Amino acid sequence: MVNTTVQSGQDEARPRRRRSPRKASQERLFCTLREASVFLELSFDALKQRVKRGTLVGVARAIDGSLWRPDGGAHVLVEADALRRQLSDERQQLLDAWRTGRVSLTAVKRQIKAEVDDNG
Amino acid sequence: MTTADEGGCPAELTPAARRAVRLLLSRMVGEVKGRHVAPQICRLVGEAFAVPGPWPDEEYSLHACGCEWDEIAARWSVASGAGKPLADEITSAFFPRKIWPALWKVVSLGPVAATRRIEATLQAAGHGLTLEGDLRSNGPLSAVTVDGLSASFGRLARAAIELRKESLDPSLALDLPAEFGAWTQDALPMRRTAFELGARQWRRNNTKAVRLRLTRLTLQVLNGHIERNGRPSYRLGLHLRNRVLIGILALGPRIGTVVALDVRDYDAAHEFPDGVVGPALHFRKLKGLPGIARWRGIPPLLALWIAEYHEYYGIASLPTAPFWVTKRADGRQLARPTAATLTAAAIAAVGRVQPPDDRRLYRPHSHRHLAEQVCFDAALDYLTENRRRLLHDENGRGLPANPQVLCDCLLDHALHDISDRYKDINNEDGREIWGRFAANLVWDYVWGEKGARTIPDLARIRASRAALEGLLADEASARARIHEREAHRDCAQAAADARLQGVLERLDVLDEHAKWHAHFEQLSAMRQIAAVDKEINAEALRLVELTREIVVGARAVEEAHLRRVAVSDALSDDEVVELDGIISVIAPTREGAPRRQVSVRQFVTALGGGLTEAQLHQLARPGSKFEHLFDRGADQSPRGVTVGKDGELMIDLDKLPIERYHPAVVRRLHTEVLAVSKQTR
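Residues numbered from 1 in each chain as written. Chains lettered and ligands numbered in written order. Predicted model: local features only at pLDDT ≥ 70, side-chain atom pairs only at ≥ 80, totals over all residues. Heavy atoms only, no water.

1. Thoughts on the overall build of chain B
Part 1 of the argument: Along the backbone of chain B there are 22 helices and eight strands.
Part 2 of the argument: A globule of 681 residues ought to have a C-alpha radius of gyration of about 26 Å, yet chain B, at 41 Å, is considerably larger.
Part 3 of the argument: Relative to its full complement of 681 residues, chain B shows a buried share of 47%.
Part 4 of the argument: By sequence separation, contacts in chain B at least 24 residues apart represent 71% of the contacts at least 6 residues apart.
Part 5 of the argument: For chain B, the separation between the mean place of its 91 positive charges and that of its 88 negative charges on side chains is 5 Å. (Helix = DSSP H or I, 4+ residues; strand = E, 2+ residues; numbered from the N terminus. Rg over C-alpha atoms; globule rule 2.2 N^0.38 Å. Buried < 20%, exposed > 50% of the residue type's maximum accessible area, 1.4 Å probe, protein only. Contact = heavy atoms within 4.5 Å. Lys, Arg positive; Asp, Glu negative; His and termini not counted. Charge placed at Lys NZ, Arg CZ, Asp CG, Glu CD.)

Shown next as structure tokens:
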């Protein structure tokens, strides 16, 4: 089972930041390549290569077929649902927790790192 | 070559039996060309008498003989005339020697017992069992397979019967063993159907047409890869080949026809019978049409792709080289790749763009089904539009009776109707002309915009509505100006009237100077009123002009609503359906309805990732470089961004270029707006 509670980290002096779950309508539809790279456990460059080659599944496209990049060029977005389909059950739970705002990306990274360490 | 080679025969056959088997097999090989009869008989007899395979496919058998079907048929005609068998190399290429004793057993059992044995085998196989009652490793055979195997056995039985009949001619001196005596037409039991043998029909939809969208998307994706990665690599070569493969398959030929192509079969400037010169492929191997080769016209773009592909592999100058290049070409036994190789390539190419819930394997024959369907639709449209012109056609191209004729020309199916012959379609010239024509029609759907799904032209609707709204605003301000000028004139008129009244009342007491003064004052007032009148007239004329423009603008809005534009094939069906209905999102705001605005926060939520509020604030500044989210006005400020009452930025939904947005974002914005309007109500 994935631990979805947020830990405050090493620094006990820092106040514990509390996150409230987002409304259903505020669930994330897209994630950036950098965020996707955390869940897919691939490097950012590898994902960029895949986008370039057109082999990354779920790259968000606008209605006119162009890459959907709301900021006009810097970010390539990946559809969260399409990303979810590529993940294992445990990772899917992590993604859901992150999408709904229950855990931060840092917590996700820490969790994945712990799992990798446990598995040697 | 027709003399038999005695060496290498299985030891357990007597010389007479060996000779009889050779005669029987020669007859099978020489008369049943193609149709995979030999492998089927090997498979069936092997299963019935427990002789393990594998059995050679006909392509490999032909390769082993080093000749084609025509040559084998010619040799057989010479050998059969003299009552001799074919050379052992040929018969054993199709029927390996290890199966010969089993075949002799079939003959010696006689027609009744042999049929019973074979039918028992088929019955067991139809239920997924071997003759010993064990489970078959490959599961049960379908009714269609059982029927095919049973028909192949029928051919073997008929060959035995014919051989016995021939042995009655003493001049041939066949000297058949006594076992053949039982093989008569009367003695052969009637063939039982697969259903009588207990086989089950399987759901057959593995050749159902591939969806047009998938074919289009496959070609677009392959083309995209090739355009992006111009650097020579193994993968680029593969994409070049697959693009050509899918392009050709989309025009409907069978995979067997496509596999048999050579480099010389592509002609960039073929002259068709109607005098048109254009690119074409020479289909030399057509199912059921031995000896007939047809030129099939292809679209210029596909020809360009073929040229690029040949140039990349450097085979353009090798006319006899096989058309298809594969990875293992060097280590391969056969001169050309088999249908299986290209089938795998076609399946993989489509598989890359298939949605995850679609698990079908789209074989090349699925593309043929699609070609027939698309061609029918395209031809229907074409004939409706051009029937009149074809009747007066100078090139004598004939007149297709119905759209099906074009489909049959494209797919090399038979034209059954006598009327097609008299309409000059059913001859090789007519087929060539109309085949080319149909290929071009189909290509418009496979590559052009005709085959794309359509949605309302959102950008145009938005632009025409904005223009109309601008005109309506102008009209309102013109009316307001006229009202204002009229009020001004009425005031001036009343003041002048009052002044005149005063003068008239005091006329007796006024001196000459004062009278003249009043007169000129009145004149100037009149002149002022006339000037205002003139202004009102000018405004009224402008108003008439505006009203006319509004009529035109309203018509433009109506037209924009009717117009549909092609949508990207990358979008899923659900998204297209959603976009079709999304017109309500950009419906014009009614008079008095609250403006459909969302806050920056709501907007960022609807975007669903990738942007923070702070970033959006930055991007919403006038003069920032913006490509995607907002249109920009003349002063480079993003359209649709307004400052609310409390200084907060608000986004006006009616001014957003939603045709550039992701469908999910549009849907979210819609729901946000609904939520906001509910709150305000």
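From this point on, the discussion continues.
2. Quick notes on the interface of chain A and chain B
Part 1 of the argument: Taken together, the contact between chain A and chain B spans 28 residues of the former and 35 residues of the latter.
Part 2 of the argument: The three residues of chain A that bury the most area against chain B are A:L29, A:I63 and A:W68, which together make up 31% of that side's buried surface.
Part 3 of the argument: Applying the counting criterion to the chain A and chain B interface returns five residue pairs in polar contact (both at pLDDT 80 or more).
Part 4 of the argument: Those elements that provide at least two residues to the side of chain A that touches chain B are β1 (30-32), α2 (44-53) and β2 (77-79) of chain A.
Part 5 of the argument: Residues belonging to the side of chain A that touches chain B are distributed by class as follows: nine nonpolar, nine polar and ten charged. (Buried area = accessible area lost by both parts, 1.4 Å probe. Polar contact = N/O pair within 3.5 Å; in protein donor to acceptor, adjacent residues only side chain to side chain. Nonpolar A, V, L, I, M, F, W, Y, C, P; charged D, E, K, R; others polar.)

3. What to know about the pairing of strand β2 (residues 277-283) of chain B
All names here are of chain B.
Part 1 of the argument: By the criterion of burial, β2 is predominantly enclosed, with six of the seven residues buried.
Part 2 of the argument: Where strand β1 (residues 266-271) and β2 come together, four bridges link them in antiparallel fashion. Following the sheet pairing, H270 is matched in β2 by G278.
Part 3 of the argument: Between the end of β1 and the start of β2, which pair antiparallel, lie five residues, with G275 showing a positive phi angle near 90 degrees. (Pairing = 2+ DSSP bridges.)

4. Looking at unusual backbone geometry
Excluding glycine, residues mostly have negative phi values, and the peptide bonds linking residues are mostly trans.
All names here are of chain B.
Part 1 of the argument: One non-glycine residue, A50, adopts positive backbone phi at about 55 degrees.
Part 2 of the argument: Tracing the backbone through its elements, the reader meets A50 in the loop between α2 (37-48) and α3 (58-65).
Part 3 of the argument: Despite not being glycine, D412 shows a phi value in the positive range, around 55 degrees.
Part 4 of the argument: Following the sequence through the fold, D412 ends up in the loop between α14 (403-411) and α15 (418-422).

5. Some remarks on the pattern of salt bridges
All names here are of chain B.
Part 1 of the argument: Under the defined criterion, the tally for this structure stands at 42 salt bridges over all chains.
Part 2 of the argument: For R243, the salt bridge is made with E308, and the minimal N-O distance between the two is 2.9 Å. Of this pair, R243 sits in helix α9 (residues 234-249) while E308 sits in helix α11 (residues 300-313), and the two are 65 residues apart along the sequence.
Part 3 of the argument: A relative accessible area of 34% places E308 in the partly exposed class. (Salt bridge = Lys/Arg side-chain N within 4 Å of Asp/Glu carboxyl O.)

6. Description of the packing of aromatic side chains
Note on aromatic pairs: each is described by the distance of the centres and the angle between the planes.
Residue and element names in this part refer to chain B.
Part 1 of the argument: Per the counting criterion, the structure on display carries 15 aromatic pairs over all chains.
Part 2 of the argument: Relative to W447, the ring of W305 has its centre 5.1 Å away and its plane inclined at 85 degrees; by these criteria the two rings are edge-to-face. Taken together, the residues span a long stretch of sequence, with W305 in helix α11 and W447 in the loop between α16 (428-446) and β4 (454-456) at a distance of 142 residues.
Part 3 of the argument: Note on W447: relative accessible area 26%, which makes it partly exposed.
Part 4 of the argument: When the centroid spacing of 5.7 Å and the interplanar angle of 80 degrees are considered together, the rings of Y309 and Y313 count as edge-to-face. Linking Y309 with Y313, this pair stays in helix α11, spanning four residues, or about one helical turn.
Part 5 of the argument: On the basis of relative accessible area, Y309 is assigned to the buried category, the value being 0%.
Part 6 of the argument: Given a relative accessible area of 28%, Y313 falls into the partly exposed group. (Phe/Tyr/Trp six-rings, centres within 6.5 Å; stacked < 30°, edge-to-face > 60°.)

7. Quick look at the nonpolar core
Residues and elements named next belong to chain B.
Part 1 of the argument: With 70 residues, the main nonpolar core has I248, L281, I306, F323 and W324 as its most contacted residues.
Part 2 of the argument: Of all the elements, α16 adds the most residues to this core, at ten residues.
Part 3 of the argument: Discounting residues that sit within four places of it in the chain, L281 has contacts with I248, L261, D265, Y266, R294, W295, R296, I298, I306 and F323.
Part 4 of the argument: Listed in part, the 62 residues of the second largest apolar core include V21, F49, W76 and L188. (Core = buried A, V, L, I, M, F, W, Y, C linked by side-chain atoms within 4.5 Å.)

8. Re the packing of α9(B) against α11(B)
Residues and elements named next belong to chain B.
Part 1 of the argument: It is at 9 Å that the axes of α9 and α11 come closest, and there the two elements cross at 150 degrees. Viewed along their axes, α9 and α11 form a crossing whose handedness is left-handed. On α11, the residues that touch L236, G237, L238, L240, R241, R243, V244, G247 and I248 of α9 are L302, W305, I306, E308, Y309, Y312 and Y313.
Part 2 of the argument: Here the residues of the contact of α9 with α11 sort into eleven nonpolar, two polar and three charged. (Axes fitted to C-alpha atoms, helices over the stretch in contact; angles between N-to-C directions. Left-handed = near helix turned anticlockwise from the far one by under 90°.)

9. Section: the environment of B:P253
Residues and elements named next belong to chain B.
Part 1 of the argument: Following the sequence through the fold, P253 ends up in the loop between α9 and α10 (255-259).
Part 2 of the argument: Residue classification places P253 among the buried residues on the basis of a relative accessible area of 6%.
Part 3 of the argument: C-alpha of P253 to C-alpha of L13: the two residues are 240 residues apart in sequence and 46 Å apart in space.
Part 4 of the argument: With sequence-adjacent residues up to four places away left out, P253 is seen in contact with I248, V258, F283 and R368.

10. Some details on the packing of helix α6 (residues 100-126) of chain B against helix α7 (residues 143-167) of chain B
All names here are of chain B.
Part 1 of the argument: Interaxial distance between α6 and α7 falls to 11 Å at its minimum, and their mutual angle equals 160 degrees. With respect to their mutual orientation, α6 and α7 come out roughly antiparallel. Where α6 crosses over α7, the handedness of that crossing is left-handed. Counting all contacts with α6, which are made through L103, V106, A114, T115, I118 and L122, the residues of α7 involved are V146, L149, S150, F153 and L156. (Parallel < 35°, antiparallel > 145°, perpendicular 65-115°, else oblique.)

11. Describing the sheet that holds strand β3 (residues 294-297) of chain B
Residues and elements named next belong to chain B.
Part 1 of the argument: Spatially, the three strands line up as an open sheet ordered β1-β2-β3, and their pairing is antiparallel. Unpaired on one side and paired on the other, β1 and β3 mark the two borders of the sheet. Neighbour-to-neighbour, the strand axes of this sheet turn through a mean angle of 50 degrees, independent of strand direction.

12. Describing helix α12 (residues 339-351) of chain B
The α-helix advances 3.6 residues per turn, and as a result positions three or four apart in sequence lie on the same side.
Part 1 of the argument: Taking 1.5 Å of rise per residue, 13 residues should cover 18 Å, and α12(B) covers 18 Å from first to last C-alpha, within 8% of that figure.
Part 2 of the argument: Of all the positions in α12(B), only B:L342, B:T343, B:A345, B:A346, B:I347, B:A349 and B:V350 are classed as buried. (Expected span 1.5 Å × (residues − 1).)

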